Every structure is written in C-alpha cells, then in structure tokens.
Amino acid sequence: VARSSFLKSECYRLISTIYNPKLNTASNDQEKEALVHLMTARKDFIEASVTTVQDAEMQKAKRLKEVLRSVEKVVGFDSPHLTEEFQLQLDSVQALETALKSVAEKTDSDAAKNLCESLVSRLGKDIMNRATSKDTSSITSPKQNKKNKKKNKKKK
C-alpha cells in the first residue's frame, strides 16, 4: 500500500491503464488468463477504492479525480469473453455507491462531484438490471423445466 497520497493516486492511474479493454483482446491463452485475473481482482479493487475515497488525504480534487476515473474504468470493464460469474458482487457495488454518494456531498470540486454522480447513476442502473434479470430468470426457468418434463414424457 502506498504511503503518500501522490503515490496512491499514481497507483490508481496505473490501474485504470491496466483495465483498458483495447489493450487485452484475449486473442491467445496468456491474454485470456490475464483477463480472468483482472476480472477476479475487481472486487478487491472496489473495496480498496471505498477505503480510499473515505481517506482524508485523498480528498484533494486532483487526487480524488484519479481515483474516480480509475473506478469508472474498472466498473465499466466488461469483456465479451467472460461469463456472469465474474460480475461484481452486489454488496460491493452497493458499498461503492454509498461511498460515492457521501463523497459527492462532501467535495467542493464540481468535476469530482459530476464524476461521482455519473458513477452513482451507472451503478444504480447496474443494480436495477441485475434485479430485473434475476426476476425474469426465476420466472422463465420453471416454464422451461415444465417444457423439458413434457418432452421427456413424450419421448418415453
């Protein structure tokens, strides 16, 4: 963990570079493995980001903007090559949303406030999409099971 606020913000800037979807196309096995590790590390990154935005040293606008930009990159990093198992956990997303709301209320910087608000709206949409997809999947799966049972009975 970096000790100074400058080093922390530089770490977040580098992380946002790593989570650039244009850099990893998953064209070979090594890139696919790297992509899997990036996707599994997102939860830890979100937890660290929540702690960082609550840190008093990181409340300067230029430091906070680096953190928020990297959060935006990591949250938006979705790969078409990976399955739903790598989605961010709902509790992590909600904790991040709560932390961003409190930062938006406390900060004096308009740019940081706008970044927080756009991230909160994006996370809110993500939470709503997950809730609706769970509802539709629970509704469709029993119908599919009934159809499969009928097909199996007809085959016998």
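To be clear, the structure that these remarks concern was listed above.
These notes cover the structure that comes with them. Not measured: the values here are computed from a predicted model.

What counts and what doesn't
- Residues numbered from 1 in each chain as written.
- Predicted model: local features only at pLDDT ≥ 70, side-chain atom pairs only at ≥ 80, totals over all residues.
- Heavy atoms only, no water.
- Helix = DSSP H or I, 4+ residues; strand = E, 2+ residues; numbered from the N terminus.
- Buried < 20%, exposed > 50% of the residue type's maximum accessible area, 1.4 Å probe, protein only.
- Contact = heavy atoms within 4.5 Å.
- Areas by Shrake-Rupley, 256 points an atom, 1.4 Å probe, with all protein chains shown as cover.
- Salt bridge = Lys/Arg side-chain N within 4 Å of Asp/Glu carboxyl O.

Side note on the overall build of the protein
Counting secondary structure elements, the protein contains five helices and zero strands. Each helix (α) and strand (β) of the protein, taken in turn from the N terminus, gives the series α-α-α-α-α. The buried share of the protein, reckoned over its 156 residues, is 34%. The long-range fraction of contacts in the protein, counting pairs at least 24 apart against all pairs at least 6 apart in sequence, stands at 75%. In the structure as shown, the protein presents an accessible area of about 10500 Å², 52% of it carried by carbon and sulfur atoms.

A short note on the pattern of salt bridges
Enumeration over the complete set of coordinates arrives at four salt bridges. Between aspartate 55 and lysine 8 there is a salt bridge, with the nearest N and O atoms lying 3.0 Å from each other. Here aspartate 55 is found in the loop between helix H2 (29-53) and helix H3 (61-76), whereas its partner lysine 8 is found in helix H1 (residues 5-18), with 47 residues between them in sequence. With a relative accessible area of 21%, aspartate 55 lands in the partly exposed category.

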